Every structure is written in C-alpha cells, then in structure tokens.
Amino acid sequence: EPEVTQTPSHQVTQMGQEVILRCVPISNHLYFYWYRQILGQKVEFLVSFYNNEISEKSEIFDDQFSVERPDGSNFTLKIRSTKLEDSAMYFCASSVGVSRGFYEQYFGPGTRLTVT
Amino acid sequence: AQKVTQAQTEISVVEKEDVTLDCVYETRDTTYYLFWYKQPPSGELVFLIRRNSFDEQNEISGRYSWNFQKSTSSFNFTITASQVVDSAVYFCALSEAFNTDKLIFGTGTRLQVFP
C-alpha cells in the first residue's frame, strides 16, 4: 500500500540553525500539507501546497518557514533559523485531490525536531 | 470560528470493555467533514473514518462504530470489546468544505487498555 514517507525520523539541531525536513508524498497525489504537533498537544496545520504554490498557510507559518517541491517526488519544509519553540513532531500529508474534507489526507510517520 | 473539543483527556479501561470517545465540534459552515485519526505509541497518524455533514447515518466497522449527531454537534467514537492494541491517542478533526484545506484537530483522548 502506498504511503507517505518522511526523513529523518529525528533531527536534533541547535537554536539558530537551518533545518530541512523531507517528505515523499504518495506518488499520484497532488496536494501536500505540513502539520506540527508540539509534545502532548494537538496537531496544528501549517501549510498546504498545490501546483508549486502555497494554497493556504496558518499564522504559525511565518517568514522563518518555507516549503518547496524541488523535484517530482520530494516535498520539503525549511525552517531558516530554528527556535526552541520549534521543537515538535512535524507531519507531512498528501491527498489525491484538493482536500476540503472530500479527499482524506494521508499522513507520514513524522519527523521529531528537537531544538537545543 | 471552527473548533473541535475532546473533553476526555485520558481514559483507562480493562480489555473487553466498551469505551466511547467524545467529540464536539463548532463550525458555521453547512458543509463540512469530520474525521477520526489514531496515533499509536509509534507516533504516526492513522486515518480511521471520514463523515460528511449531510450523512448522519451511524457507521460500524468491526469493533469500531461512530455516532454522528448534528443536533448536538457531536461525532462520538465507540470501541466495542477493547483490546490492548487499541491503546493510542485518538484525534477527532474537522474540515470545512469551502475555502480551506486544513484539518482542525481536537486535543486528543489518550486511551489505555489494560489486560
């Protein structure tokens, strides 16, 4: 069964460093998402991406964040200068069509980011 | 404003007990979708079910069943004859059908099933 994959599973970085989290969505999916979950809290939407453009972003997704689809398979989330409060589990998701609830979003296993 | 409330932070049961996880949502949209996801200890999010706002039929899938009641804005999830493997955090989520892609998650309910 096709699945969303994410690398690395755990990333430790120092405050102020740049990190890139990588995701490979399901191959025939066209819509991509990033969510984050601070330890013990709820899952929060960060951004959605379609046709090489951001289609929606939350207030969490400020100028420190960026997303890219550098090739036909990868989808990346970059945090330019990490802060302690960026420590969280980051989930990538994809859907075959525009979600709006109609198509379910399939989630990857997550990348745990620890900023020290 | 959209919101999902899961008032039960943690529930503990003994195997074979039935357990119901509550979910209450708020939305101004008339068309929306509701979801349940399971997050086992390994951390991934596993899709369980999606319901649209026009379909209030209850659904059963094996030991899982869902009760959707628009009148009370609730979408509750029942596990019958719980098993240790059901131990996980369960999230209810809402997606409004127009102008947004995002899923709005509740805070989750941690279910512990003891042998």
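A. Just the overall build of chain A, in detail. Of regular secondary structure, chain A possesses zero helices and 11 strands. Walking chain A from its N terminus toward its C terminus, one meets helices and strands in the order β-β-β-β-β-β-β-β-β-β-β. Considering only C-alpha atoms, chain A reaches an extent of 35 × 30 × 30 Å along its principal axes. In chain A, 55% of the contacts between residues at least 6 apart in sequence involve partners at least 24 apart. Total accessible area computed for chain A in this model is approximately 5800 Å², and 46% of it derives from carbon and sulfur atoms.

B. Examining the state of the cysteines more closely. Taken as a whole and assessed by the stated rule, the structure comprises two disulfides over all chains. A sulfur-sulfur distance of 1.9 Å marks the disulfide that ties Cys23 of chain A to Cys92 of chain A. Between Cys23 of chain A and Cys92 of chain A the sulfur-sulfur dihedral comes to about -65°; the bridge is accordingly left-handed. In this pair, Cys23 of chain A sits in strand β3 (residues 19-24) while Cys92 of chain A sits in strand β9 (residues 88-95), placing the two residues 69 residues apart along the sequence. As far as burial versus exposure is concerned, Cys23 of chain A and Cys92 of chain A are alike and both buried. The disulfide partner of Cys23 of chain B is Cys92 of chain B, and the S-S distance across this bridge is 1.9 Å. Its S-S torsion of approximately -65° makes the covalent link between Cys23 of chain B and Cys92 of chain B left-handed. Placement of the pair is Cys23 of chain B in the loop between β3 (19-21) and β4 (24-26) and Cys92 of chain B in strand β10 (residues 88-96), with a sequence separation of 69 residues. An identical accessibility class is assigned to Cys23 of chain B and Cys92 of chain B; each is buried.

C. Examining the sheet that holds β3 of chain A more closely. Residues and elements named next belong to chain A. Reading across the sheet, the four strands line up as β1-β3-β8-β7 and stay open at both edges, with antiparallel pairing between neighbours. Each end of this open sheet is capped by a strand with a single partner; those strands are β1 (5-7) and β7 (65-68). On average, adjacent strands in this sheet sit at an angle of 20° to one another, irrespective of strand direction. Relative to strand β8 (residues 75-79), β7 runs antiparallel, the two sharing four bridges. Across the sheet, the residue bridging to Val67 is Leu77, located in β8.

D. Spatial organisation of the packing of aromatic side chains. As enumerated under the stated definition, the model contains 24 aromatic pairs over all chains in all. Between Phe49 of chain A and Phe75 of chain A, the ring centres sit 5.2 Å apart and the planes meet at 40°, which makes this aromatic pair tilted. Note that Phe49 of chain A is positioned in strand β5 (residues 43-50) and Phe75 of chain A in strand β8, a separation of 26 residues in sequence. Plain terms: the ring middles of Phe107 of chain A and Tyr37 of chain B are 5.2 Å apart, the flat faces sit at 80° to each other, and that makes the pair edge-to-face.

E. Examining the pairing of strand β6 (residues 46-52) of chain B more closely. All names here are of chain B. Of the pairings in the sheet, the one linking strand β5 (residues 32-39) to β6 comprises six bridges and is antiparallel in character. The residue of β6 that forms the bridge with Tyr37 is Phe47. The antiparallel hairpin formed by β5 and β6 contains six residues in its connecting segment, where Gly43 sits at a positive phi of about 105°.

F. Layout of unusual backbone geometry. Here the bond from Thr7 of chain A into Pro8 of chain A is cis, since omega is -10°, no more than 30 degrees from zero. When you line up the elements, Pro8 of chain A lands in the loop between β1 and β2 (10-13). Its identity as a non-glycine residue notwithstanding, Lys16 of chain B has a phi of 80°, on the positive side. Inspection of the secondary structure assignment puts Lys16 of chain B in the loop between β2 (10-14) and β3.

G. Up close: the nonpolar core. Residues and elements named next belong to chain B. Membership of the largest hydrophobic core comes to 24 residues, with the highest contact counts inside it found for Trp36, Phe75, Phe77, Tyr90 and Leu111. Top element by residues in this core is β10. It accounts for four residues. Beyond its immediate sequence surroundings of up to four residues, Phe77 is in contact with Val19, Thr20, Leu21, Trp36, Leu48, Tyr64, Ser65, Trp66 and Tyr90.

So, how was this worked out
- Residues numbered from 1 in each chain as written.
- Chains lettered and ligands numbered in written order.
- Predicted model: local features only at pLDDT ≥ 70, side-chain atom pairs only at ≥ 80, totals over all residues.
- Heavy atoms only, no water.
- Helix = DSSP H or I, 4+ residues; strand = E, 2+ residues; numbered from the N terminus.
- Contact = heavy atoms within 4.5 Å.
- Areas by Shrake-Rupley, 256 points an atom, 1.4 Å probe, with all protein chains shown as cover.
- Disulfide = S-S within 2.5 Å.
- Buried < 20%, exposed > 50% of the residue type's maximum accessible area, 1.4 Å probe, protein only.
- Pairing = 2+ DSSP bridges.
- Axes fitted to C-alpha atoms, helices over the stretch in contact; angles between N-to-C directions.
- Phe/Tyr/Trp six-rings, centres within 6.5 Å; stacked < 30°, edge-to-face > 60°.
- Core = buried A, V, L, I, M, F, W, Y, C linked by side-chain atoms within 4.5 Å.

Geometric descriptors of this kind do not, in isolation, establish any biological role.
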